[in-house]
Amino acid sequence: MALKSLNNIWIRRQQCPCGDWKCYIKLEGDESTCQVTKSEIESTTTTTSSLYDTVFMPYVGQIFRTDDEAFEYYSTFARKSGFSIRKARSTESQNLGVYRRDFVCYRSGFNQPRKKANVEHPRERKSVRCGCDAKLYLTKEVVDGVSHWYVSQFSNVHNHELLEDDQVRLLPAYRKIQQGDQDRILLLSKAGFPVNRIVKLLELEKGVQAGQLPFIEKDVRNFVRACKKSVQENDAFLSEKRESDTLELLESCKGLAERDMDFAYDCTSDENQKVENLAWAFGDSVQAYSLFGDVVVFDTSYRSIPYGLLLGVFFGIDNNGKAMLLGCVLLQDESCRSFTWALQTFVRFMRGRHPQTILTDIDTGLKEAIAREMPNTNHVVFMWHIVSKLASWFSQALGSHYDEFRAGFDMLCRAGNVDEFEQQWNLLVTRFGLVPDRHAALLYSCRASWSPCYIREHFVAQTMTPEFNISIDSFLKRIVTGPTCMQLLLEEVSAAASLAKQIPPRFTYSSLKTCMPMEDHARGVLTPYAFSVLQNEMVLSVQYAVAEMANGPYIVHHFKKMEGECCVIWNPENEEIQCSCKEFEHSGILCRHTLRVLTVKNCFHIPDQYFLLRWRQESPHVAAENQNGQGIDDDCAQTFHSLTETLLTESMISKDRVDYANQELTLLIDRVRNIAPSNCLYQP
């Protein structure tokens, strides 16, 4: 097997987060998954059947442009008829080259007797050849300088039984192992799977019954045996290439750090001083984080099979709703240890500031690392990561009932509170027999990170919208698609980040739609993106009725839909308003329910505290704070970071030192808190 080119080294992660390393997933809509599924097998069968319908019995005098075209035609006819063919004799001359081709039935002729091996019990292998006379002979003819082939002899008389369609597919001529299946077989073989278990696993993954793969166990065994030597050679080559390419990438980081003092990078090495993990962040990313670091997205969708590395990209969302690059990591594996290092390094790059919320894919190792390194940060799992895995997890087990399950899951996601969610979850898993299912158990154990009723009070800005997902996906595709190599990754990430900055905002200020004074007020404060979100809520707010309760709260409900009413509390003295839907806490934009109450109470301006700084227009105040305050902030953070590193190193020498440092630091923190902030670093 020849060594493959390393073009397009990144693929979607296929390892299932359930913890079973043998479990792989195929995401809905994922074009990178190249394995043949049951539907694809059926599609292939249908396509082949349609070709059969257009193939008739060959006849003497039939003309073909090439001998390969004639062989393909005869082979298609043979499969339809219940046999296969092989190439027999060919005749050539000095002037015409090969001018005759003989194609015969696979059972044509007789096996010549062989010398018996000098062993005690020689193996007697029965021959399939029985002297069948079915054949097609081709002759080459050149007319006016143009050559073509015509059928000179043809016979369709067989002296053996022809096979049915479910049997003829098992003839050696029609058994093929597709490229995607070859890669999967090699991966499982490398992991120590015996051939019979590989075949069973492929049948389960494709959702086909035993014996219905387009190849048999013998083909898999022969393929693995033939590839063993090539696999060993490839592994040695890739190991050497990974080492050299990661070293070149590290040197690129060092060179960039010398030219740009704001560029940050770090790496870890194993006992042989080979690079394990590598992380970097550009200077403008650190600057952007100081303004929009409240919400961070950590995307780990892609990994490199040739290099054996996971690509992690940190994103933020700016005040125009666009994804912005914050940092990148390359990790040797998907363990809690690797994720812990990635999070520690990212926080260090960002001057020690933790985000308010971090959004990720569902991953037990990553969940544990976040809980350890960011205990005060809310962890949210993107809903589209959950939904994209449902078919891979449950469609095979549920069969025709999967659509009903999806409908029930969608209803579960609309649960109004935690108690309602728990009740609906128990009903759902019991109804479909998923109580012992490991994927259902994984979903339930992580419910506090993905279920809307649990995460409603977590601030996520507008990162959970389809538009933001598209923004991230387009950024990643600029990096991972097309020919690439590891040593150029730094340049590709930098180019993708620069291109993302050049893309103009998708929104411009639209005309007023409600004529409300609040709308005009918001238009002068918010960015076009944030204003468009708020304006949409204002437009919808007129469809809601308000009922004031005796004890003060307001009940707001849609004029047609009676379910889903919300409770709004309005305090006019300090201009505070809260809604039970928690939309402002979730996105930083007031909801339609609060806007309706403000309108009813004759409020012509939105209280200033409900215009978050992150959603406001860029102003001299923000620019000055960014230019003047950030330098002081960076210097202070670097100074404290250096001191804490020294303190940690010295303290870890003995337990007495640790106890002493802990005691003194506790006293120091209390003293610092008691100092009045009369001389602030930042002046509004």
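Above this text sits the structure in question.
Residues numbered from 1 in each chain as written. Predicted model: local features only at pLDDT ≥ 70, side-chain atom pairs only at ≥ 80, totals over all residues. Heavy atoms only, no water.

Chemist: So, helix α5 (residues 195-206): which residues are in play, and what are the values?
Modeler: Given 3.6 residues to a turn, an α-helix orients residues that are three or four positions apart in the same direction. Between its terminal C-alpha atoms α5 stretches 17 Å, which fits the 16 Å expected from 12 residues at 1.5 Å a residue. Every buried residue belonging to α5 is among V195, I198, V199, L201, L202, E203 and K206, and all of these are buried. Positive phi shows up at G207, right after α5, with a value of about 70 degrees. (Helix = DSSP H or I, 4+ residues; strand = E, 2+ residues; numbered from the N terminus. Expected span 1.5 Å × (residues − 1). Buried < 20%, exposed > 50% of the residue type's maximum accessible area, 1.4 Å probe, protein only.)

Chemist: For the sheet that holds strand β6 (residues 146-155), give the residues involved together with the corresponding values.
Modeler: Through backbone hydrogen bonds, the strands of a sheet pair up, either in parallel or in antiparallel fashion. A sheet is described by the order of its strands in space; here 5 strands give the open sequence β2-β6-β5-β4-β3, paired in antiparallel fashion. Each of the sheet's edge strands pairs with one partner strand only, and the pair in question is β2 (63-64) and β3 (85-93). Direction of pairing for strand β5 (residues 135-143) relative to β6: antiparallel, over a ladder of 9 bridges. Its bridge partner lying in β6, L138 is registered against V151. The strands that helix α2 (residues 67-81) touches are β2, β3, β4 (97-105), β5 and β6; relative to β3, the one it contacts most, it runs at about 155 degrees. (Pairing = 2+ DSSP bridges. Contact = heavy atoms within 4.5 Å. Axes fitted to C-alpha atoms, helices over the stretch in contact; angles between N-to-C directions.)

Chemist: Go over the sheet that holds strand β16 (residues 566-571) with me, naming the residues and quoting the values.
Modeler: An order of β14-β15-β16-β17 is seen for the 4 strands of this open sheet, with the pairing classed as antiparallel. Edge strands, defined here as strands with exactly one partner in the open sheet, are β14 (544-548) and β17 (576-579). Adjacent strand axes in the sheet meet at a mean angle of 25 degrees, parallel and antiparallel pairs treated alike. Bridge count for strand β15 (residues 554-558) against β16 is 3 bridges, and the pairing is antiparallel. In the sheet register, V556 faces β16, and the bridge partner there is C566.

Chemist: Pulling in residues and values, what's your account of the packing of aromatic side chains?
Modeler: Scanning the entire structure with this criterion turns up 26 aromatic pairs. Ring centres of Y74 and F77 lie 6.5 Å apart, and the angle between their planes is 15 degrees; on these two criteria the pair is classed as stacked. Taken as a pair, Y74 and F77 lie in helix α2 at a separation of 3 residues, close to a single helical turn. Neither Y74 nor F77 differs from the other in exposure class; each is buried. Taken together through their ring pairs, the aromatic side chains of W393, F394, Y402, F405, F409, F421, W425, F432, Y444, W450 and Y454 make up a single cluster. The residue whose ring lies beneath K87 is F71, and the NZ or CZ to ring-centre distance is 5.0 Å. (Phe/Tyr/Trp six-rings, centres within 6.5 Å; stacked < 30°, edge-to-face > 60°. Lys NZ or Arg CZ within 6 Å of the ring centre and 35° of its normal.)

Chemist: I'd like a rundown of the packing of helix α10 (residues 383-398) against helix α11 (residues 402-412), residues and numbers included.
Modeler: Two elements in contact, α10 and α11, have axes whose closest approach is 9 Å; the angle formed by their N-to-C orientations is 140 degrees. α11 is crossed by α10, and the crossing has right-handed handedness. Here I386, V387, L390, A391, F394, S395 and L398 of α10 lie close against α11, whose contacting residues are Y402, F405, R406 and F409. (Left-handed = near helix turned anticlockwise from the far one by under 90°.)

Chemist: Account for the packing of helix α12 (residues 418-431) against helix α13 (residues 438-445), naming residues and giving values.
Modeler: Here α12 crosses α13 at 175 degrees, and the two axes come no closer than 12 Å. When the interaxial angle is binned, α12 and α13 end up roughly antiparallel. In this structure, α12 contributes E422, W425 and V429 to the contact, and α13 contributes A440, L443 and Y444. Taken together, the residues of the contact of α12 with α13 sort by class into 5 nonpolar, no polar and 1 charged. (Parallel < 35°, antiparallel > 145°, perpendicular 65-115°, else oblique. Nonpolar A, V, L, I, M, F, W, Y, C, P; charged D, E, K, R; others polar.)

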